[in-house]
Amino acid sequence: MTSVKEFRVAEEPTADSLGRGSFVFTDDYSVFDWGKMPDEIPGKGASLCTMGAYNFELLDVNHIPTHYRGIVEGGEELELGETTETPREMAIDLAQVPNLRYDDGYDYDGFYDAVGNNYLIPLEIVFRNTVPVGSSLRSRGDPADYGLDYESWPDEAVGLPQPVVEFSTKFEERDRYLSRSEADEISGPAGIDRLEELALAVNHILTDRAERAGLVHEDGKIECLYHDGTIKVADVVGTFDENRFSYDGQEMSKEVVRQYYKRERPEWVDAVSEAKAEADHRDDPDWRALCDTEPPALPDSVVETVSEMYAAGTNAYTNYDWFDAPELDEAVDAVRNL
């Protein structure tokens, strides 16, 4: 189980063959890499499953290979349009995911020795169309590095002249961004040029869909599997957890929850940052063991507002009323007033 969805295996993958399994989406949430938080956001799992399935089927129409098999309902694998209720389970192909060993550094050579010709690529490929408030890009570069005519980062979101693609680790205890040469060493036979091309294609499709719904697609990521020379988009794509969207200048993603904690519970956010810094100093990947402060639960009013944001956003993005939710304008106004 991940921090936000359960993982079921029907048929194990092998060194040569894909397996079969499914994601079961829960109402759990995670921020700041903490993992499962102490409360839930009702309806979030169904929203993410619906939006993720919609995007996988959109990629399929555009001839982009994915590991998506369909929505699971009554033990059958169906297309999203064939379902009779909001889905929570998604059928997928499975690739091998061996342990990434750590011994004075992560052993990527050992990882590739174990995977054969069928594995989840140990990278996340990040694409950015804007630089919103809270984006990590602001701490890793100046505006001029990305073709922007600013002396310093402004206090509002900034559009990029061209999408930026970055690479980060996938299986390390704490994600870290990589230089292009570092990413190329980790990518194995897939190659970062192919991964970058695929990420830009996915980004273009999601951005176009978001614009049709009145949303701005700010940034996101893909994960990919490699099987017999083919790269397929894996995990889940283009949801309000995996990507950042905004509407009329207001964030429409789990960034809303991150910013709430930063504003209202800074003591916990600071404790997390200090634990990560101490873990870096000790060269210890288990930073959570060094954090002596547990995350506080969200107030009921915040939970309700965020729940309605997920539901209204999914309705608007898919152009179908899957959920009994406020209109998008009303849901966004409530988020703006948190």
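The structure contained in this document is the topic of the report that follows. Computed from a predicted model, the values in this text were never measured in an experiment. Here the residue numbering is sequential within each chain, running from 1 through the sequence in written order. In keeping with the model being predicted, local features are shown solely for residues with a pLDDT of at least 70 and side-chain atom pairs are shown and tallied solely at 80 or more, while totals for entire chains, interfaces and linings include all residues. Values shown for side chains rest on all heavy atoms present in the structure; no hydrogens or waters enter the calculation.

Let us now look at the sheet that holds strand 1 (residues 5–11). Strand order in this open sheet of 5 strands is 1-2-5-3-4, and the pairing throughout is antiparallel. Unpaired on one side and paired on the other, strand 1 and strand 4 (76–78) mark the two borders of the sheet. Each adjacent strand pair in this sheet contributes to an overall mean axis angle of 35°, direction not counted. As paired elements, strand 3 (residues 68–73) and strand 5 (residues 89–94) share 3 bridges and run antiparallel to each other. Note that in strand 5 the partner of Gly70 across the bridge is Ala91. At least two bridges found by DSSP between two strands is the condition for calling them paired. In this text, helices come from DSSP runs of H or I with a minimum length of four residues, and strands from runs of E with a minimum of two, each type numbered from the N-terminal end. Note on definitions: angles span 0 to 180 degrees between N-to-C directions of axes, and those axes are lines fitted to C-alpha atoms, for helices only across the stretch in contact.

Before going further, it helps to spend a moment on the nonpolar core. Within the largest apolar cluster, 86 residues are counted, with the highest numbers of intra-cluster contacts made by Ile121, Leu195, Ile222, Val233, Tyr261 and Trp268. Setting aside its immediate chain neighbours within four residues, Leu195 contacts Ile121, Leu123, Ile125, Phe167, Ser187, Ala190, Cys224 and Ile231. As used in this record, nonpolar core signifies buried Ala, Val, Leu, Ile, Met, Phe, Trp, Tyr and Cys residues forming a set joined through side-chain atoms within 4.5 Å. The cut-offs for exposure are 20% and 50% of the maximum accessible area for each residue type, with area from a 1.4 Å probe on protein chains only; residues under the lower value are buried, those over the upper are exposed, and the others partly exposed. If you look at the next biggest cluster of nonpolar residues, it comprises 8 residues, including Val131, Tyr146, Leu148 and Trp153. By definition, residues are in contact when any of their heavy atoms lie within 4.5 Å.

Before going further, it helps to spend a moment on the environment of Glu197. With respect to the element layout, Glu197 can be found in helix 5 (residues 192–212). With a relative accessible area of 60%, Glu197 lands in the exposed category. Taking the C-alpha atoms as reference points, Glu197 and Val165, separated by 32 residues in sequence, lie 9.4 Å from one another.

Before going further, it helps to examine the packing of aromatic side chains. Only Phe, Tyr and Trp rings take part, Trp by its six-membered ring, and two of them pair if their centres are within 6.5 Å. Stacked means planes under 30 degrees apart, edge-to-face means over 60, and tilted covers everything else. Tallied over the entire structure, the rule returns 20 aromatic pairs. Aromatic side chains Tyr54 and Tyr317 sit 5.9 Å apart centroid to centroid with 75° between the ring planes, which places their arrangement in the edge-to-face category. Here Tyr54 is found in helix 1 (residues 44–61), whereas its partner Tyr317 is found in helix 8 (residues 300–318), with 263 residues between them in sequence. Of the residues examined, Tyr317 reaches a relative accessible area of 0% and is grouped as buried. A connected cluster of aromatic rings, assembled from ring pairs, spans Phe32, Trp34, Tyr260, Tyr261, Trp268 and Trp287. For a lysine, the NZ atom is tested; for an arginine, the CZ atom; a charge sits over a ring if that atom is within 6 Å of the ring centre and within 35 degrees of the ring normal. The ring centre of Phe23 lies 4.9 Å from the NZ or CZ of Lys5, which sits over that ring. The side chain of Lys276 reaches across the aromatic face of Trp287, ending 5.0 Å from its centre.

Quick look at the side chain of Lys5 now. Locating Lys5 in the fold gives a position in strand 1. A polar atom in the side chain of Lys5 sits 3.3 Å from the side chain of Asp235. Setting aside chain neighbours within four positions, we find Lys5 in contact with Phe23, Val24, Phe25, Thr26, Asp235 and Val236. Polar contacts here mean pairs of N or O atoms no more than 3.5 Å apart (in protein, one a potential hydrogen donor and the other a potential acceptor; neighbouring residues in sequence count only if both atoms are side-chain atoms).

On to the side chain of Thr50, then. Relative to the elements of secondary structure, Thr50 occurs in helix 1. Judged by relative accessible area, Thr50 falls into the buried class, the value being 0%. Not counting residues within four places of it along the chain, the set of residues in contact with Thr50 comprises Leu80, Pro87, Thr314, Trp322 and Phe323.

On to helix 4 (residues 180–187). Since the α-helix packs 3.6 residues into each turn, any two residues three or four apart lie on the same face. Buried within helix 4 we find Ala183, Ile186 and Ser187. Seen along its axis, helix 4 keeps its buried residues to an arc of 100°; they face one direction. Those residues of helix 4 hidden inside the fold are in contact with helix 2 (108–115), strand 6 (118–120), strand 7 (123–131), strand 8 (158–169), strand 9 (177–178) and helix 5. Note on helix 4: the residue one or two positions beyond its end, Gly188, has a positive phi of about 65°. The directions considered for the arc run from the helix axis to the C-beta atoms.

Turning next to a negative patch on the surface. Exposure above 30% relative accessible area and the lack of any salt bridge qualify a residue for a patch; like charges then connect within 9 Å, and the nonpolar side chains Val, Leu, Ile, Met, Phe, Trp and Tyr within 5 Å. What sets the accessible areas is the Shrake-Rupley method with a 1.4 Å probe; for residues, cover comes only from the shown protein chains. Salt bridge, as used here: a side-chain nitrogen of Lys or Arg that lies within 4 Å of a carboxyl oxygen of Asp or Glu. Under the convention used here, Asp and Glu are negative, Lys and Arg are positive, and both His and the chain ends fall outside the count. The location of each charge is read from NZ of Lys, CZ of Arg, CG of Asp or CD of Glu. Among the surface-exposed residues, Asp321, Asp324, Glu327, Asp329 and Glu330 lie close enough to one another that they form a single negatively charged patch. Take Asp324: it is sitting in the loop between helix 8 and helix 9 (328–336).

A few words now on the pattern of salt bridges. Scanning the model with the defined rule gives 30 salt bridges in all. Where Glu6 meets Arg8, a salt bridge forms, and the shortest distance between an N and an O atom there is 3.9 Å. Across the pair Asp219 and Arg244 runs a salt bridge whose closest N-O atoms are separated by 3.1 Å. Of this pair, Asp219 sits in strand 10 (residues 216–227) while Arg244 is found in strand 12 (residues 244–247), placing the two residues 25 residues apart along the sequence. Given the relative accessible area of 6%, Asp219 is considered buried. By sharing partners, the salt bridges in this structure join Arg128, Arg140, Glu166, Asp219, Arg244, Glu255 and Arg258 into a single network.

Next up on the list: the environment of Arg176. With respect to the secondary-structure elements, Arg176 resides in the loop between strand 8 and strand 9. Using a relative accessible area of 35% as the deciding quantity, one classes Arg176 as partly exposed. Setting aside chain neighbours within four positions, we find Arg176 in contact with Phe167, Ser168, Thr169 and Glu182. Engagement of the side chain of Arg176 in a polar contact is seen with the side chain of Glu172, the distance being 2.7 Å.

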